[in-house]
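Letter by letter, the chains look like this.
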Amino acid sequence: MTPKQIIGKIGLWFAVLVIVSPAILFFLWMLSLSLKFEVDNAAYPPVFIPEHFAWKNYADVLASNRFVTYFFNSLIVTGSATVLALMVGVPAGYGIARMAAHKSAIVILIARITPGLSYLIPLFLLFQWLGLLGTLVPQIIIHLVVTVPIVIWIMIGYFETTPLELEEAALIDGAGRWQVFRHVALPIAKPGIAVAFILAVIFSWNNFVFGIVLAGRETRTLPVAVYNMISFDQLSWGPLAAAALVVTLPVLLLTVFAQRQIVAGLTAGAVKGG
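As annotated in an unreviewed UniProt entry, the protein is Carbohydrate ABC transporter permease from Bradyrhizobium zhengyangense. Quoted straight from UniProt, the Subcellular location (unreviewed entry) entry for the protein says "Cell membrane". If you open the UniProt record of the protein and go to Sequence similarities (unreviewed entry), you find "Belongs to the binding-protein-dependent transport system permease family."

Structure representation (structure tokens):
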């Protein structure tokens, strides 16, 4: 290895360290908050590793009936929104990629980068008129606003990299377009579908605004559970940090165990083949 390559690797690792270290520091500090009593959390100078761990913070969070209810609400909303987004987004991405409908792709990109608050007010009025406010149905529907564009955009990039020769051979053998999509395109696109699934789950699971505006007292999701632990008279940092970590844990585990699929899918969809 030449000195130039060594310097390049050192520079790369230094850049990665600079970019990643704030996120790691914030995560470790939140973990520290969740394991400390309020006396240690309010101490100055700050205490990073306490002498006694406050496991009671996690026990209080998990013992809350509302927290368990919100967890199952999040499972239902995120699971339904992700499955529906895949059912709509994968065929849509395939069609846009094969038809080279670049204008449609731009529309999807605009829908992806548009803030969800832009859709919230008209949809809130619509759900209020339909009498659906306070149920899980409006949350599932409005989460599609977030998940469907993600799935379509990822699948467009992925299908544009898959070889057309196999599909053309299937068409010559008499297969219909739907058969080509189902038996040829879908098996090849499994890495891209895995990436779309994971990102849709992450964005849906972490969504806060829709849950607090459209949900009722019994139909809120986990991010709202963390917000509900903030009161006007007292702010308990320990239970709040513990709740935030419990909410983050499912998505964190999913990302860690599926990191190879994420890298493979994003890399495959990043370079457009001819």
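Let's pick the thread back up.
Colleague: Can you break down the packing of aromatic side chains residue by residue, with the values?
Modeller: Under the defined criterion, the tally for this structure stands at six aromatic pairs. Where Trp178 meets Phe181, the ring centres are 5.4 Å apart and the plane angle is 40 degrees; that geometry is what we call tilted. Of this pair, Trp178 and Phe181 both sit in helix α9 (residues 177-188), three residues apart, which is roughly one turn of the helix. When its relative accessible area of 56% is taken as the criterion, Trp178 is described as exposed. For Phe181, a relative accessible area of 5% translates into the label buried.

Colleague: Tell me about the nonpolar core, and please be specific about residues and values.
Modeller: In terms of nonpolar packing, the biggest core is built from 33 residues, with Val90, Val151, Met155 and Phe159 touching the most fellow members. Mapped by element, the contributors of at least two residues to this core are α4 (65-99), α5 (102-113), α6 (117-130), α7 (137-159), α9, α10 (190-205) and α11 (209-214). If you tally residues by element for this core, the top one is α7, at eleven residues. When near neighbours in sequence (up to four residues on either side) are disregarded, Val151 contacts Ala85, Leu86, Gly89, Val90, Ala196 and Ala200. Ranked by size, the runner-up nonpolar core spans 20 residues in total, among them Leu35, Ile202, Ala242 and Leu245.

Colleague: Kindly report on the UniProt feature "transmembrane region" (unreviewed entry) in the protein, identifying the contributing residues and their values.
Modeller: UniProt marks residues 12-31, 70-94, 106-130, 136-159, 192-215 and 235-257 with the feature "transmembrane region" (unreviewed entry), using the numbering shown here. Helix makes up 100% of residues 70-94 and strand 0%. Its end C-alpha atoms lie 35 Å apart.

Each value, and the rule that gives it
- Residues numbered from 1 in each chain as written.
- Predicted model: local features only at pLDDT ≥ 70, side-chain atom pairs only at ≥ 80, totals over all residues.
- Heavy atoms only, no water.
- UniProt positions renumbered as here; feature names shortened; annotations may be inferred.
- Phe/Tyr/Trp six-rings, centres within 6.5 Å; stacked < 30°, edge-to-face > 60°.
- Helix = DSSP H or I, 4+ residues; strand = E, 2+ residues; numbered from the N terminus.
- Buried < 20%, exposed > 50% of the residue type's maximum accessible area, 1.4 Å probe, protein only.
- Core = buried A, V, L, I, M, F, W, Y, C linked by side-chain atoms within 4.5 Å.
- Contact = heavy atoms within 4.5 Å.

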